[in-house]
Amino acid sequence: MINLNKFSTALIDSNIPTNLDLANIDIIEVCESGVFDNIPGIGEIISTTRSLMNLRDKLFLKKFIRFLQTYDPTQIPIEKLEVFKKKIQSDKKYRTKIMEGLIEYIDDLKRVEKIEILAHLFTAYINDSYSWEYFLDLSDCLMRANLNCITRIPEIDTFEGKEVKEYDEKESSIEADMISSGLAMELSIWSSDIYPTFLGKDLFKYGFPSKC
């Protein structure tokens, strides 16, 4: 697609306007408007490839900008953020691994809500909440999961003395969806109860930080 170095620059140096409503904006007009021209990484990507970008490239760029709008480095301790910045700037192998991974997931995700969740998961990764491999596991689970199922995790979590809340299984085949996506599991063939997996619990915990 486009130079990975430019995307990594955008990831660590960009200050994307959060009040820009991408849902109601024509990304082609945005690319031609110059609104991002002075933003590190993004401006370079647009200015150097504007005439070469096809529609899919422009749609990806729109999703990547939405990812940057949600990604919040202010929630990361300065020392951890600096460690990440130095590593991604100095270690080409690491930079390629990170940026290729993010680009693949962002490109595959169709719902803007899932892109926002991915940004929260990535913030937690930089904050040393889990390893890169576990971030990939969570991202794979996010790819498979129904958004409605993810938000139901607290309803089936019986740990720490909580009681299972009632939900209508017929509403969206929630039980089957949660199990098939890896969010939940059945502990016994003798019981119809389902319980969240570690992936399910962490996907909700880190993907929806404002709800925890």
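No experiment lies behind these values; they were computed from the predicted model shown.

Colleague: Please clarify how the state of the cysteines should be interpreted in this entry.
Modeller: By the definition in use, this model includes zero disulfides. In this model cysteine 141 remains outside any disulfide bridge; the closest cysteine sulfur is found in cysteine 149, 10.0 Å from its own. A residue is classified by how much of its surface remains accessible, and cysteine 149, at 0% relative accessible area, is buried.

Colleague: Help me understand the nonpolar core in this model?
Modeller: Grouped burial of nonpolar side chains is what soluble globular proteins tend to show. With 50 residues, the main nonpolar core has Leu11, Phe67 and Phe122 as its most contacted residues. A per-element tally of this core places helix H7 (residues 112-126) first, with nine residues. Setting aside chain neighbours within four positions, we find phenylalanine 67 in contact with Leu11, Leu102, Ile106, Ile115, Leu118, Ala119 and Phe122.

Colleague: I would appreciate a short explanation of the packing of helix H6 (residues 92-108) against H7 in the present structure.
Modeller: Packed helix pairs are specified by the crossing angle of their axes together with the interaxial distance, meaning the distance between the axes. With their axes 11 Å apart at the nearest point, H6 and H7 run at an angle of 160° to one another. When the axes of H6 and H7 are compared, the pair comes out roughly antiparallel. Both H6 and H7 take part in a crossing whose hand is right-handed. Between H6 and H7, the residues in contact are Tyr94, Ile98, Leu102, Tyr105 and Ile106 and Leu118, Phe122 and Tyr125, respectively. Looking at the contact of H6 with H7 residue by residue, the class counts come to eight nonpolar, no polar and no charged.

Colleague: Please explain the packing of H7 against helix H8 (residues 132-144) as it appears in this structure.
Modeller: Two elements in contact, H7 and H8, have axes whose closest approach is 10 Å; the angle formed by their N-to-C orientations is 165°. By the angle class used here, H7 and H8 are roughly antiparallel. Handedness of the H7/H8 crossing: right-handed. Listed contacts from H8 to Lys114, Ile117, Leu118, Leu121, Phe122 and Tyr125 of H7 are Trp132, Phe135, Leu138, Ser139, Leu142, Met143 and Arg144. Among the residues making up the contact of H7 with H8, the classes are represented as ten nonpolar, one polar and two charged.

Colleague: Where do I start with the packing of aromatic side chains in this structure?
Modeller: For any pair of aromatic rings, geometry is given as the distance between the ring centres together with the angle between the planes. Summed over the entire model, instances satisfying the criterion amount to 15 aromatic pairs. A centroid spacing of 5.8 Å and a plane angle of 75° characterise the contact between phenylalanine 84 and phenylalanine 122, whose relative ring orientation is edge-to-face. Taken together, the positions of phenylalanine 84 in helix H5 (residues 78-90) and phenylalanine 122 in helix H7 put the pair 38 residues apart, joining distant regions of the chain. A single burial state applies to phenylalanine 84 and to phenylalanine 122, both of which are buried.

Colleague: Looking at this model, I keep getting lost on the environment of leucine 203. Mind explaining?
Modeller: Within the secondary structure layout, leucine 203 lies in helix H11 (residues 198-207). Sequence separation between leucine 203 and histidine 120 is 83 residues; the distance between their C-alpha atoms is 9.6 Å. The contact partners of leucine 203, leaving out residues within four places of it in the chain, are Ile117, Leu121, Leu138, Cys141, Leu142, Ile150, Leu183 and Phe208.

Colleague: Honestly, the environment of phenylalanine 84 in this entry has me stumped. Any pointers?
Modeller: Exposure remark for phenylalanine 84: the relative accessible area of 5% places this residue in the buried category. For the pair phenylalanine 84 and asparagine 127, spaced 43 residues apart in the sequence, the C-alpha separation amounts to 9.2 Å. Ignoring any residue separated from it by four or fewer positions in sequence, one finds phenylalanine 84 in contact with Leu11, Ile12, Tyr94, Phe122 and Ile126.

Parameters and conventions
Residues numbered from 1 in each chain as written. Predicted model: local features only at pLDDT ≥ 70, side-chain atom pairs only at ≥ 80, totals over all residues. Heavy atoms only, no water. Disulfide = S-S within 2.5 Å. Buried < 20%, exposed > 50% of the residue type's maximum accessible area, 1.4 Å probe, protein only. Core = buried A, V, L, I, M, F, W, Y, C linked by side-chain atoms within 4.5 Å. Helix = DSSP H or I, 4+ residues; strand = E, 2+ residues; numbered from the N terminus. Contact = heavy atoms within 4.5 Å. Axes fitted to C-alpha atoms, helices over the stretch in contact; angles between N-to-C directions. Parallel < 35°, antiparallel > 145°, perpendicular 65-115°, else oblique. Left-handed = near helix turned anticlockwise from the far one by under 90°. Nonpolar A, V, L, I, M, F, W, Y, C, P; charged D, E, K, R; others polar. Phe/Tyr/Trp six-rings, centres within 6.5 Å; stacked < 30°, edge-to-face > 60°.

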